[in-house]
Amino acid sequence: MRKSWTWVKWCVLASTVWLTGCGTIGTMGKLETGAAAEAGRMWDRWVDGNGDIAVATTWERKVKAGVTANEVEQVLKQVATERNMKDVGTLPLSKELEARTGQKQKLLTVYSFCTPTTARRMVDFSPHMAAYLPCRISLVEKEDGLWMYTLNMDMMVKMGRQLPSPLKEEARAVRDTIWEMMERGSKGEF
């Protein structure tokens, strides 16, 4: 099945290039190295997720059994401090829902982080990037335990127009910090 999807992907790509002509070809020349490979990974996740765009554009980690929500939170904040990223807020959605309904809710908390200078430079480069600010990691309780979700930061670093230095290195550092938060948070590694 995977082989047939690879063929379909290439047919769609070839059709797109053919239908859009020089604009596509010109744009492709401005992309970061590895953009096509990342687009292919996203396409595969989109297909595997039955067309769910959120599956295609996010990273997820299952939290190791025995690691508590409080431990995940502490690790996220510790990594942020270690990597000079600002903790800009926590949105305890499940607590808000409990207050509104009077009923216990499954855990849903959104943690927000930002590196202000990088955020400013990224928005100066592309104002649309403001929609992605700040970086967020959500902690979600599901039937099989806790899960962490965040945007796929490789989209920002690998799929767009080539970022100029030093923005490219700064964006990579933000990406690596979010990755580390997900890895260490899911394992409760202080």
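The structure we're discussing is the one just above.
Since the model is a prediction, treat every value here as computed from it, not as a measurement.

Enquirer: Give me the lowdown on the packing of helix H5 (residues 69-82) against helix H9 (residues 167-187), citing residues and values where you can.
Expert: Their axes nearest at 9 Å, the elements H5 and H9 cross at an angle of 150°. In terms of orientation, H5 and H9 fall into the roughly antiparallel class. Relative to H9, the crossing made by H5 is right-handed. In this structure, H5 contributes Val 72, Val 75, Leu 76, Gln 78, Val 79, Ala 80 and Glu 82 to the contact, and H9 contributes Thr 177, Glu 180, Met 181, Arg 184 and Gly 185. Of the residues contributing to the contact of H5 with H9, the split by class is six nonpolar, three polar and three charged.

Enquirer: Provide a residue-level description of the packing of aromatic side chains, including the pertinent values.
Expert: Per the stated rule, a full pass over the model turns up three aromatic pairs. On the numbers, 4.9 Å between centres and 85° between planes, the contact of Trp 59 with Trp 179 is edge-to-face. Of this pair, Trp 59 sits in strand E1 (residues 58-62) while Trp 179 sits in helix H9, placing them 120 residues apart in sequence. With a relative accessible area of 31%, Trp 179 lands in the partly exposed category. Geometry around Trp 179 places Arg 61 over its ring, the cationic atom sitting 4.5 Å from the centre. The ring of Trp 147 is capped by Lys 142, whose NZ or CZ atom sits 4.4 Å from the centre of that ring.

Enquirer: Could you give me a rundown of unusual backbone geometry, with the residues and numbers involved?
Expert: Put simply, Leu 133 and Pro 134 share a cis peptide bond, and its omega is -15°. Relative to the assigned elements, Pro 134 resides in the loop between helix H7 (116-125) and strand E4 (135-142). The amide bond that connects Ser 165 to the next residue, Pro 166, takes the cis arrangement and shows omega of 5°. For Pro 166, the position within the fold is in the loop between helix H8 (153-159) and H9.

Enquirer: Requested: an account of the side chain of Asn 152, with residues and values cited.
Expert: Position of Asn 152 relative to the elements: it lies in the loop between strand E5 (145-151) and H8. Polar side-chain contacts of Asn 152 include one of 3.0 Å to the side chain of Glu 38. Polar side-chain contacts of Asn 152 include one of 2.7 Å to the backbone nitrogen of Asp 154. In this structure, Asn 152 is in contact with Glu 38, Met 42, Ala 56, Thr 57, Thr 58 and Trp 59, ignoring residues within four places of it in sequence.

Enquirer: Could you give an account of the pattern of salt bridges, naming the residues involved and the relevant values?
Expert: Summed over all chains, the structure comprises 18 salt bridges. The partner of Lys 77 in a salt bridge is Asp 87, with the nearest N and O atoms 3.6 Å apart. Placement of Lys 77 in helix H5 and of Asp 87 in strand E2 (residues 86-91) is noted, with a sequence separation of 10 residues between them. In this structure, Glu 82 and Arg 184 form a salt bridge, with 2.8 Å as the shortest nitrogen-oxygen distance. With a gap of 102 residues between them, Glu 82 in helix H5 and Arg 184 in helix H9 connect regions that are remote in the sequence. Judged by relative accessible area, which is 44%, Glu 82 ranks as partly exposed. Each of Asp 154, Lys 158, Arg 172, Arg 175 and Asp 176 takes part in one network of salt bridges that share partners.

So, how was this worked out
- Residues numbered from 1 in each chain as written.
- Predicted model: local features only at pLDDT ≥ 70, side-chain atom pairs only at ≥ 80, totals over all residues.
- Heavy atoms only, no water.
- Axes fitted to C-alpha atoms, helices over the stretch in contact; angles between N-to-C directions.
- Helix = DSSP H or I, 4+ residues; strand = E, 2+ residues; numbered from the N terminus.
- Parallel < 35°, antiparallel > 145°, perpendicular 65-115°, else oblique.
- Left-handed = near helix turned anticlockwise from the far one by under 90°.
- Contact = heavy atoms within 4.5 Å.
- Nonpolar A, V, L, I, M, F, W, Y, C, P; charged D, E, K, R; others polar.
- Phe/Tyr/Trp six-rings, centres within 6.5 Å; stacked < 30°, edge-to-face > 60°.
- Buried < 20%, exposed > 50% of the residue type's maximum accessible area, 1.4 Å probe, protein only.
- Lys NZ or Arg CZ within 6 Å of the ring centre and 35° of its normal.
- Polar contact = N/O pair within 3.5 Å; in protein donor to acceptor, adjacent residues only side chain to side chain.
- Salt bridge = Lys/Arg side-chain N within 4 Å of Asp/Glu carboxyl O.

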